[in-house]
Amino acid sequence: MANPNGIGASVRRREDARFLTGRGTYTDDISRPNQTHAVFVRSPYAHARIRGIDAGEAMTAPGVVAVLTGADMEADKVGSLPCGWQIHSKDGSPMKEPPHFPIARDRARYVGDAVAVVIAETREQARDAAELVMVDYEELPAAVTSVKALDGTAPLVHDDVAGNLCFDWHLGDAAAVDAAFAQAAHVAKLDLVNQRLIPNAMEPRAAVGEYDRATGEHTLTTTSQNPHVIRLLMGAFVLGIPEHKLRVVAPDVGGGFGSKIFHYGEEAVVTWAARKVGRPVKWTAERSESFLTDAHGRDHVSHAELALDKDGNFLALRVATIANMGAYLSTFAPSIPTYLYATLLAGQYKTPAIYAEVKAVFTNTAPVDAYRGAGRPEACYLIERLVEVAAAETGIDKAELRRRNFVPASAMPYQTPVALQYDTGDFAKNLDIALPMVDYAGFAARKAESARRGKLRGIGFATYIEACGIAPSNVAGALGARAGLYESAEVRFHPTGSVTVFTGSHSHGQGHETTFAQLVAERFGVPIENVEIVHGDTSKIPFGMGTYGSRSLAVGGSAIVKAMDKVERKAKKIAAHMLEAAETDIEVKDGRFVVAGTDKALSIGDIALQAYVPHNFPLDELEPGLDEQAFYDPKNFTYPNGCHVCEVEIDPETGVVEVVNFAAVDDFGRVINPLIVEGQVHGGLVQGIGQALYENCVYDEESGQLITGSYMDYCMPRADDVPSFAVQYHEDQPCTHNPLGVKGCGEAGTIGASAAVMNAVVHALSDLGVTHMDMPATPERVWQVIQRHSHAQAAE
Amino acid sequence: MYEFTYHRPTSLADAAAMLGRSEEAKLLGGGQTLLPTLKQRLARPSDLIDLGQIAELKGIREEAGGLAIGAFTRHAEVAHSDLVRRVIPALADLAEGIGDRQVRNMGTLGGSICNADPSADYPSAVVALKATVKTDRREIAGDDFFTGMFETALEPGEIVTSVTFQKPDKAAYAKFRNPASRYAIVGVFVARFGGEVRVAVTGAGPSVFRATDMETALAGNFSPDALNGIKVASDGLNADIHASADYRAHLVTVMAKRAVAAAG
């Protein structure tokens, strides 16, 4: 490594000093002169007709500037929040796409649905006045759970969506699957629920709208993972503001996990209202609002069947899933249980035939969309639970059954029966590394030792593969995406050799300011402190699709590489001129531009100075300056993969599950910053363990009230809930189609961990005859399972 | 929060006078329940009377072989007190396990017992350690103090000043935490005074209660095995998404055994 802060160096995050000392600038830190404050009046009912809104008393309350409703938005021709992905049902019909207005007009469709906004001089005055807005609700029966909402008798969330069915989609070859099942020696079956989760970013959502009457420019500062996408969706579809008159800024953002990808109504309301009241309008969600209105994640109910031959070879997989969309379609909601879920159902296995059916359903609950992993954890959980059931039923060791069915490294690139083509991966190698990390051979002895202490011990595996680096735009377009999915970058050398990199990716905890700077340090030998990474502002960045789906490095980083390629090409020409050599003789070595075979060399700083002070410069061939832009559109998805192994110990007296050992072996392709990668894995694992053992979004099934509306009831994993993780990665299988060879690491932990934990839990309970239990494995649920099976055993 | 008038009296008499002036006034201890309640606009007091500057409400002393602890003594002070550790170590352990560090640094003994949250820890110690609750008007036996869910024997305007705990021969507190809130789903405080044993249960029911069958069994044989087969009835116990009444009833026995084992 030429540069101590180059590729492969565990550079400490440069942004952390700012965050850890409270000097970050988050949206709520921004206050504008003459600013007003918005507070939303939200529906207390899951489903209600809005018969009228009387804002008279609220309007006269102290400090109130305006009370605005859906009718005001309608009068101003404000549109519906658009959906960014269109799915077609089996019969070819497009998905049902009912309007989703920023403020509800005639009906409120979930608890928390906005029905009015109060704008006042202070936040407390707005809160006071919001309580005075009299909404005449006619409460309606609610459809709360996905399965009941589909039963044909449930109340309709949208009058024109029959049976609450948004779409009925499928993927794969049903006939081939049927034929394979007919030949099967064994069929493993499983019904499972992938429960709904609430994202819980540390920073609640917030937005500040501004309007400059002099220029006609709107500015929205918002907690977004992708400000350009918000500009496009809100400008073009909701408010009718052209891009050149709309600036969207996403400054420091305190975590997203997917929940800040989407265009939310509050963003449109503050932007629209700022012009209406002629003053900046600021809104910051309270934590209670985050629980109620941030797009939730997961919420699948599935039935799955795996056909095996007599030797344990997988013949076919059949999956039927009901996916809860919530009350409205959030920005990318339809893509999650389809192209980010069913396409991953091959997992790491060479299962020749797969067929998946997905019914998406509207309910009177908060919208559901991408949440860390987004479809892929649901796929991994289903496959890996089913494989473990198959192992238990056939008596084949679960590690061996997996190994027997892995797509071998020699078969890469491998076309799955569900649309994807894996480029690289050595799944057996991941397993080989993982097994000694957990002393798999020594498990029986550890289990016996646990038993002596009255504890139940189990070990579980999860092998995962995900499709990241989203996405080749033409492929995504063919599958229903209504946007491109490339990324842009600009690399601007300044006259004295420092560099500003503009990226369309967005960092909200991923460490881009460090990792991306390492790319530049490596390439041009620039000290890392001379590289600034700028993101999150549509007025500065050429364009951007943002950060989600573990795409920042694979797509955004590749765009930076392409821009650096252009810089290097131009710099070579300048160097050739300065060194009086042929351009073809200029080589780049350790960031220096060298005349081959000589000691004549220039640093990029020398070249940059000449580019901006072009006294000795080929002005007849080249423009001055050293500032290049590039867009990168990926050729394929990337396929991070790995093997997670979890060991748990259960206290049968209380049902408490303790994760006592966890090993994660990951293939992320090439790793730029191992320290940040390890941090991403740790965070992901905790989130996955959170789903397996703690987190559960619960609505009252009749009233649709959110029961887990605070941390008193919604259980987040804490540091003392998890063990020290054993984490390893290998770089033997770099991505073949992007210039960095990187695959992405942001979601991996979340994808593998839930399945590994639940497989370990079920394994620990298997001596009692337990074959499955749903997440989360809370103490009472585990205790109840133990009670039922102990009584069943006693009765035998 | 709604607006309120904030007061910071320096004497008990001043506090009582302020409290008497408005029916809507509330006392502020460590604020660990009241402030979140106010932030969520679930309460609307006219006045908030902060007891934090009143010296006579603070401090821990040895008294009649037991401990007298001022109402405005924070959980962390009890947890880290050498005196409490020496005289009733189980009480220090209980305080050390309340909430989290931030809660322990703010929350107070008086605030906890006056709020009478069914899942609070201290009520179990008040009952098991045969405490006496002293107020600005009278003394109330610990057994009579808690009258229901969030209800106590206090009269309007009455202010708790201290709690005296009797020193047991052996004692321990075992708690099963709500995984989300980490309040007690079930907490059992076991204390032995000579031939008498007290088993006080918090979290399981609407209010702290004594498990008298367990007390009888332990009086004869102070060992975990003495509780084999003894269960409290699940009727009337609390139930929520984290724990059914049956599960709570089961956990009472488990936690009682663990407390007895810990008491040694």
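How each quantity is defined
Residues numbered from 1 in each chain as written. Chains lettered and ligands numbered in written order. Predicted model: local features only at pLDDT ≥ 70, side-chain atom pairs only at ≥ 80, totals over all residues. Helix = DSSP H or I, 4+ residues; strand = E, 2+ residues; numbered from the N terminus. Buried ≥ 20, exposed ≤ 12 C-beta atoms within 10 Å, placed from the backbone. Contact = placed C-beta atoms within 7 Å. Domains from an automatic or database assignment. Nonpolar A, V, L, I, M, F, W, Y, C, P; charged D, E, K, R; others polar. Core = buried A, V, L, I, M, F, W, Y, C linked by C-beta atoms within 7 Å. UniProt positions renumbered as here; feature names shortened; annotations may be inferred. Axes fitted to C-alpha atoms, helices over the stretch in contact; angles between N-to-C directions. Parallel < 35°, antiparallel > 145°, perpendicular 65-115°, else oblique. Left-handed = near helix turned anticlockwise from the far one by under 90°. Pairing = 2+ DSSP bridges. pLDDT = per-residue confidence, 0-100. Arc of directions from axis to C-beta.

Asker: Would you explain the overall build of chain B in this entry?
Answerer: A count of helices and strands for chain B gives 11 helices and 14 strands. Seen through its principal axes, chain B has C-alpha atoms that stretch 55 × 45 × 30 Å. Split into buried and exposed, the 264 residues of chain B put 48% on the buried side. For chain B, the share of sequence-separated contacts (at least 6 apart) that also reach a separation of at least 24 residues comes to 61%.

Asker: Sorry, what's going on with the domain arrangement of chain A here?
Answerer: The parts lose accessible area when they come together, and the size of an interface is often stated as this lost area. Residue and element names in this part refer to chain A. Domain boundaries assigned for chain A yield domain 1 (16-22 + 486-632), domain 2 (31-140 + 205-284) and domain 3 (297-470 + 636-795). Averaged C-alpha coordinates put domain 1 and domain 2 at centres separated by 39 Å. Taken together, the contact pairs 14 residues of domain 1 with 18 residues of domain 2. Taken together, the residues of the side of domain 1 that touches domain 2 sort by class into three nonpolar, 10 polar and one charged.

Asker: How do you make sense of the nonpolar core when you look at a structure like this?
Answerer: Side chains of a nonpolar character, in soluble globular proteins, are inclined to be buried together. Among the nonpolar cores identified, the biggest contains 339 residues, and Val118 and Val757 of chain A together with Val190 of chain B are the most heavily contacted of them. The leading source of residues in this core is helix H19 (residues 748-765) of chain A, at 12 residues. The contact partners of Val757 of chain A, leaving out residues within four places of it in the chain, are Gly460, Cys646, Val648, Val659, Ile689, Ala692 and Leu693 of chain A.

Asker: Would you mind going over the UniProt feature "domain: Aldehyde oxidase/xanthine dehydrogenase a/b hammerhead" (unreviewed entry) in chain A with me for this structure?
Answerer: Per the UniProt annotation, the sites labelled "domain: Aldehyde oxidase/xanthine dehydrogenase a/b hammerhead" (unreviewed entry) are residues 21-141 of chain A. Between the C-alpha atoms that bound residues 21-141 of chain A there is a distance of 49 Å. The span itself is 15% helix and 29% strand.

Asker: What's the story with the packing of helix H7 (residues 227-239) of chain A against helix H8 (residues 265-277) of chain A in this structure? I'm lost.
Answerer: A pair of packed helices is captured by two measures, namely the crossing angle of their axes and the spacing between those axes. Residue and element names in this part refer to chain A. At a minimum axis separation of 11 Å, H7 and H8 run at an interaxial angle of 65°. Taken together, the axes of H7 and H8 are roughly perpendicular relative to one another. Like other packed secondary-structure pairs, H7 and H8 cross with a definite hand, here right-handed. In this structure, H7 contributes Ile230, Met234, Val238 and Leu239 to the contact, and H8 contributes Glu267, Ala268, Thr271 and Trp272. Split into classes, the residues belonging to the contact of H7 with H8 amount to six nonpolar, one polar and one charged.

Asker: Would you take a moment to explain the sheet that holds strand E6 (residues 134-139) of chain A for this structure?
Answerer: Hydrogen bonds between backbone atoms are what pair the strands of a sheet, whose relative direction is either parallel or antiparallel. Residue and element names in this part refer to chain A. Sheet architecture is open: three strands sit in the order E4-E2-E6, paired in antiparallel fashion. Lying at the two open borders of the sheet, with one neighbouring strand each, are strand E4 (107-108) and E6. In this structure, strand E2 (residues 48-54) lies alongside E6, joined through six bridges in antiparallel fashion. Each bridged residue has a counterpart across the sheet, and for Ile53 the counterpart in E6 is Val135.

Asker: Please explain the confidence of the model for chain B as it appears in this structure.
Answerer: Low pLDDT marks regions whose predicted coordinates should not be analysed in detail. With 100% of its residues at a pLDDT of 70 or more, chain B has an overall mean of 97. Predicted complex, confidence summary: ipTM 0.96, pTM 0.97.

Asker: What exactly am I supposed to notice about the UniProt feature "domain: FAD-binding PCMH-type" (unreviewed entry) in chain B here?
Answerer: UniProt records the feature "domain: FAD-binding PCMH-type" (unreviewed entry) for residues 1-170 of chain B in the present numbering. The span residues 1-170 of chain B is 35% helical and 23% strand by assignment, and the distance between its end C-alpha atoms comes to 45 Å.

Asker: Sorry if this is basic, but what is going on with the pairing of E2 of chain A here?
Answerer: One face of the sheet, then the other: side chains in a regular strand alternate in exactly this way. The pairing of E2 of chain A with E4 of chain A spans two bridges and is classified as antiparallel. Paired with Arg49 of chain A across the strands is Arg107 of chain A, a residue of E4 of chain A.

Asker: Would you mind going over the domain arrangement of chain B with me for this structure?
Answerer: Per the domain assignment, the segments of chain B are domain 1 (5-50), domain 2 (55-165) and domain 3 (170-263). The C-alpha-based centres of domain 1 of chain B and domain 3 of chain B are spaced at 34 Å.

Asker: Mind showing me how you'd approach the environment of Thr253 of chain B here?
Answerer: Residue and element names in this part refer to chain B. Note on placement: Thr253 falls in helix H11 (residues 245-263). Once the C-alpha coordinates of Thr253 and Lys175 are considered, the two residues, 78 residues apart in sequence, prove to be 11 Å apart. The residues contacting Thr253, other than those within four sequence positions of it, are Leu227, Ile230 and Lys231.

Asker: Sorry, what's going on with helix H10 (residues 212-220) of chain B here?
Answerer: In an α-helix, one turn spans 3.6 residues, which is why side chains three or four residues apart end up on the same side. Residues and elements named next belong to chain B. Of all the positions in H10, only Met214, Ala217 and Leu218 are classed as buried. Here the buried residues of H10 occupy an arc of 95° about the axis, which is enough to place them on one side. Away from the buried face of H10 by more than 90 degrees, exposed residues Thr212 and Gly220 are located. Against strand E13 (196-202) and H11 lie the buried residues of H10.

Asker: Explain the interface of chain B and chain A here, please?
Answerer: The interface is formed by 11 residues belonging to chain B together with 14 residues belonging to chain A. Top contributing element to the side of chain B that touches chain A by residue count: H11 of chain B, with three residues. Partitioned by chemical class, the residues of the side of chain B that touches chain A number eight nonpolar, three polar and no charged.

Asker: Looking at this structure, how should I read the sheet that holds strand E28 (residues 726-729) of chain A?
Answerer: All names here are of chain A. Spatial strand order, E18-E26-E27-E28: four strands in an open sheet with mixed pairing. At either margin of the open sheet sits one strand with a lone partner, and together these are strand E18 (456-465) and E28. Taking each pair of neighbouring strands and ignoring which way they run, the sheet shows an average axis angle of 15°. For E18 and strand E26 (residues 641-651), the ladder comprises 10 bridges, and the chain directions are antiparallel. Opposite Ile459, over in E26, you have Glu647 as the bridge partner. The sheet strands contacting helix H13 (residues 443-452) are E18 and E26, and the helix crosses E18 at an angle near 140°.

Asker: How should I be thinking about unusual backbone geometry in this particular structure?
Answerer: Glycine aside, residues mostly have negative phi angles, and peptide bonds mostly take the trans form. All names here are of chain A. Look at the link from Met412 to Pro413: it is a cis peptide, with omega at -5°. With respect to the secondary-structure elements, Pro413 resides in the loop between helix H11 (398-405) and strand E16 (414-415). Cis geometry is found at the peptide bond from Met775 to Pro776, where omega equals -10°. Relative to the assigned elements, Pro776 resides in the loop between H19 and helix H20 (779-795). Backbone geometry places Ala374, a non-glycine residue, at a positive phi of 50°. Relative to the helices and strands, Ala374 is located in the loop between strand E15 (353-362) and helix H10 (376-394). On the basis of neighbour count, Ala374 is assigned to the buried category, with 28 C-beta atoms found within 10 Å. Even without being a glycine, Asp590 presents a positive backbone phi close to 50°.

Asker: Explain the packing of helix H15 (residues 512-524) of chain A against helix H16 (residues 552-579) of chain A here, please?
Answerer: Residues and elements named next belong to chain A. Where H15 meets H16, the closest approach of the two axes is 11 Å, and the angle between their N-to-C directions is 35°. Crossing geometry of H15 relative to H16 is assigned as right-handed. Each of His512, Thr515, Phe516, Leu519, Val520 and Arg523 in H15 lies in contact with H16, whose residues at this interface are Ser552, Leu553, Gly557, Ile560, Val561 and Met564. Of the residues belonging to the contact of H15 with H16, the class tally is seven nonpolar, four polar and one charged.

Asker: I would appreciate a short explanation of helix H4 (residues 123-130) of chain A in the present structure.
Answerer: Three or more residues of H4 of chain A are buried, namely Gln125, Ala126, Asp128, Ala129 and Ala130 of chain A. Here the buried face of H4 of chain A lies against strand E1 (36-42), helix H2 (56-59), strand E3 (64-69) and strand E5 (114-120) of chain A.

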